[in-house]
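Here's the letter readout for the chains.
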Amino acid sequence: MTNSRLTFAKSAPKAFKALIGFDAAARAGLDPALVELVQIRASQLNRCAYCLHMHTSDARKAGESEERLHMVAVWREAAHFFSEKEQAALALTEAVTLVSGGVPDDVYARAAGRFEEEELAQLLALIFAINTWNRIAIATAKVPGTDER
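By convention here, each chain's residues receive numbers from 1 onward along its written sequence. Local features in this predicted model are restricted to residues whose pLDDT is 70 or higher, and side-chain atom pairs enter the listing and the counts only when it is 80 or higher, whereas totals over whole chains, interfaces and linings include all residues. Heavy atoms throughout the structure, all of them, feed into the side-chain values; hydrogens and water do not.

Colleague: Tell me what's going on with the packing of helix 6 (residues 84-97) against helix 8 (residues 117-139), and back it up with residues and numbers.
Modeller: To obtain an axis, a line is fitted to C-alpha atoms, over the contacting stretch when the element is a helix, and the angle between two such axes runs from 0 to 180 degrees between their N-to-C directions. The way it works is that DSSP assigns letters per residue, a run of H or I at least four long becomes a helix, a run of E at least two long becomes a strand, and they are numbered from the N terminus. In contact at an axis separation of 10 Å, helix 6 and helix 8 are set at 50 degrees when each is read in the N-to-C sense. Here helix 6 is positioned oblique relative to helix 8, judged by the angle of their axes. Considering the relative orientation of helix 6 and helix 8, their crossing is right-handed. Contact residues: Lys85, Ala89, Leu92, Thr93, Val96 and Thr97 in helix 6; Glu119, Leu120, Leu123, Leu124, Ile127, Phe128, Asn131 and Arg135 in helix 8. Our angle categories are set so that under 35 degrees counts as roughly parallel, over 145 as roughly antiparallel, 65 to 115 as roughly perpendicular, and the remainder as oblique. Each crossing is labelled by how the near helix is turned from the far one, with a counterclockwise turn of less than a right angle marking it left-handed and a clockwise turn marking it right-handed. Note on contacts: a residue pair qualifies if any of its non-hydrogen atoms lie within 4.5 Å across the two residues.

Colleague: Please provide a residue-by-residue account of the pattern of salt bridges, values included.
Modeller: Salt bridges are defined by distance alone: a side-chain nitrogen of Lys or Arg within 4 Å of a carboxyl oxygen of Asp or Glu. Summed over all chains, the structure comprises eight salt bridges. For arginine 27, the salt bridge identified is with aspartate 23, shortest N-O distance 2.7 Å. One end of the pair, arginine 27, and the other, aspartate 23, are both in helix 2 (residues 13-27), four residues apart, so they sit about a helical turn from each other. The exposure class of aspartate 23 is buried, given its relative accessible area of 10%. Ionic pairing is found between arginine 68 and glutamate 86, a salt bridge with its closest N-O pair at 2.9 Å. With arginine 68 in helix 5 (residues 66-71) and glutamate 86 in helix 6, this residue pair connects regions lying 18 residues apart in the sequence. For glutamate 86, a relative accessible area of 11% translates into the label buried. Here the salt bridges share partners, and the residues they tie into one network are Arg41, Arg76 and Glu94. Buried, partly exposed and exposed residues are distinguished by accessible area as a fraction of the type maximum, computed with a 1.4 Å probe on protein chains only: under 20%, between the cut-offs, and over 50%, respectively.

Colleague: Outline the packing of aromatic side chains, supporting the account with residue identities and numerical values.
Modeller: We describe a pair of aromatic rings using the distance from one ring centre to the other and the angle between the two ring planes. Aromatic rings from Phe, Tyr and Trp, taking only the six-membered ring of Trp, are treated as a pair when their centres fall within 6.5 Å; an angle between ring planes under 30 degrees marks them as stacked, one over 60 as edge-to-face, and anything in between as tilted. Using the criterion set out here, one finds two aromatic pairs in the structure. Arranged with centres 6.4 Å apart and planes meeting at 65 degrees, the rings of phenylalanine 8 and phenylalanine 16 form a pair that is edge-to-face. On the basis of relative accessibility, which here comes to 24%, the residue phenylalanine 16 falls in the partly exposed class. Between phenylalanine 16 and tryptophan 133, the aromatic rings sit 5.5 Å apart at their centres with planes inclined by 75 degrees, giving edge-to-face as the arrangement. Taken as a pair, phenylalanine 16 in helix 2 and tryptophan 133 in helix 8 lie far apart in primary sequence, 117 residues in all. Here the aromatic cluster, defined as three or more aromatic residues joined through ring pairs, consists of Phe8, Phe16 and Trp133.

Colleague: Explain the packing of helix 3 (residues 32-45) against helix 8 to me, using residue names and the numbers behind them.
Modeller: Direction vectors running N to C along helix 3 and helix 8 enclose 40 degrees, while the axes themselves pass 9 Å from each other. The angle between helix 3 and helix 8 falls in the class oblique. As helix 3 packs across helix 8, the resulting crossing turns out to be right-handed. Contacts from Val35, Val38, Gln39, Ala42 and Ser43 of helix 3 reach helix 8 at Leu123, Leu126, Ile127, Ile130, Asn131 and Asn134.

Below, the structure is given as structure tokens:
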């Protein structure tokens, strides 16, 4: 199967480079395991197979357990697999990713209670970044398992 859609990095190199910079800035100071959990959950919600494959692979390489990876989609029902901070981040990821209903005050307050203000801003930036990457991969029909980094 040939992908007839554009390659975003080649067709919009300045925007792509800016997004890479934004992504790197968003991750700064955040726990790498938390970063992957957030990116996995947003990718699940957005049904972005390309990014989901990439971030579950990255998480495994970084030492994340298969058990926790399998539980991300059902983290509320398997809360004991995740710290309070991770749960707050996953809840905020869901609210921001599925933003049509707004970000509920209780979800925001839960995250604000677990993260210092600067770290919370970094977390929000990370959620914004992965949602953008998901939309790029979906719109350009990126094929899972063909990570070009």
